[in-house]
Amino acid sequence: MKKNDTNPIAQRVRQIPASGIRKYFDLIASLEGVISLGVGEPDFATPWHISEAGIYAIEKGYTMYTSNYGLIELRKALAAHLRNRYGITYSPNNQILVTTGSSEALDLAMRAIVNPGEEIIVPDPGYVAYMPCTVLAGGVVVPVPTFVENDFKVRAEEIEKRITTKTKAILLGFPNNPTGAVMERKELEEIAELVRRHDLYVISDEIYDRLVYGVEHTCFASLPGMQERTILVNGFSKAYAMTGWRVGYAAARPDIIEAMMKVHQYIMMCTSIMSQMAAIEAVTSGEEAVRHMVAEYDRRRKVIVKGLNEIGLRCFEPRGAFYAFPSVKSTGLSSEEFAERLLKEEKVAVIPGSAFGGCGEGYIRCCYAVSLPDIEEALQRMRRFVERHHG
Ligand SMILES: Cc1ncc(COP(=O)(O)O)c(C=O)c1O
């Protein structure tokens, strides 16, 4: 690159595409009467007792920095939560780091372990931040395809084909955004066996761990021998409807958490104390609210999956998160064309599957964390659209 290049933006940043999701937000904002199945966030407000804990923090003058690791009370509560739920023991002193959303935890995990040119194996389709986080840390993304025929689960043998001498880690994001796929324990055990044999690490983004329907979530770090090799990433945004509070966390062995904390202390210092105090309330007393929201998502899930299949958009049954991922191939439109035209013609916002990787082409992501009447109205509009665009 010439020294006096007129573009001030670093190559590294130019390399990463703008999120395929954000550009729809501008379009949605410019139209009236849109039903949005686009944004991936709960439609519930944060349960009031959790919000109150944040308000109380401000009222009582808890307005200062915390330890770089996060409030020790929160780390203790998270350690107890992980022990009770998944039977894994993390020391609150040096194995848990509180972050600004799980987004920061993902970024820190990459920066802490990736050397330039090292490869991270990432299931495709997958969450939009995985590729940019890897690239910004100097790593190389190696996508591993997942297919509807296998309920969008990632298979150990497909991962193994992509392991090279440069492979550092496998990034797992299950329950999956955008597909709603959930991995079964025995399928994860096969991946754990690979991790052991090839001396790899796993970054396991389990932000949707609580949002599963009729199946059990297996925490990857709870598999034999995997706690040492896993950076567990999680947060409060989805399960507790706390997207705006920006609290997440990472749990891993002390040397990895120490490395992540080293980066975190210079770029973030700590997560907002009010949000951390609300998070303590969430993790210690939020169980009932989580159950209530999960039951409601499940009701909506059944309605949207049935509805999409009835209008000819074939949809496998998602068992986790709050997304349906139907095929739009029968319309002959690409996923981007489908999403753009559906928005303009019928004012329903969905996200093209291609925004989540090459294997997402031919699908759209419909978030069902919206009210049942809105889901029903969206389905009617989509039915009209599909009838117009069929063959
Ligand atoms: C799979 C996945 N991981 C991480 C995040 C980031 O969540 P947050 O930073 O709010 O914790 C999201 C948000 O949509 C997500 O879908």
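All values reported here derive from a predicted model rather than from experimental measurement. (Residues numbered from 1 in each chain as written. Predicted model: local features only at pLDDT ≥ 70, side-chain atom pairs only at ≥ 80, totals over all residues. Heavy atoms only, no water.)

Describing the environment of glutamate 206
For glutamate 206, the location among the structural elements is in the loop between β6 (201–205) and β7 (230–235). Not counting chain neighbours up to four residues away, the residues in contact with glutamate 206 comprise Phe174, His217, Thr218, Cys219, Phe220, Leu232, Val233 and Asn234. Of note is the side chain of glutamate 206, whose polar atom sits 2.7 Å from the side chain of histidine 217. (Helix = DSSP H or I, 4+ residues; strand = E, 2+ residues; numbered from the N terminus. Contact = heavy atoms within 4.5 Å. Polar contact = N/O pair within 3.5 Å; in protein donor to acceptor, adjacent residues only side chain to side chain.)

Some thoughts on the site of the ligand
Around the ligand sit Gly101, Ser102, Ser103, Tyr127, Tyr130, Asn177, Asp205, Ile207, Tyr208, Ser237, Lys238 and Arg246, and that is every residue in its neighbourhood. At 2.6 Å, a side-chain N or O of aspartate 205 approaches a nitrogen atom of the ligand. In the model, an oxygen atom of the ligand is placed 2.8 Å from a nitrogen or oxygen of the tyrosine 208 side chain. Compared with its free state, where it exposes 390 Å², the ligand has 92% of that area covered by protein. Spatially, the ligand is embedded in the largest pocket. Sorting elements by how many residues they give to the shell around the ligand places helix α5 (residues 101–113) first, with three residues. Of the residues assigned to the shell around the ligand, the class counts are four nonpolar, five polar and three charged. (Near = heavy atom within 4 Å. Areas by Shrake-Rupley, 256 points an atom, 1.4 Å probe, with all protein chains shown as cover. 1 Å grid on protein atoms, 1.4 Å probe; cavity = no way out; pocket = protein on both sides within 12 Å on 5 of 7 lines; lining within 4 Å. Sits in = over half its atoms within 2 Å of the grid points. Nonpolar A, V, L, I, M, F, W, Y, C, P; charged D, E, K, R; others polar.)

Examining helix α11 (residues 287–310)
Counted at 1.5 Å a residue, the expected span for α11 with its 24 residues is 34 Å, and the 35 Å between its end C-alpha atoms agrees. Within two residues after α11, glycine 312 carries a phi angle of roughly 95°, on the positive side. (Expected span 1.5 Å × (residues − 1).)

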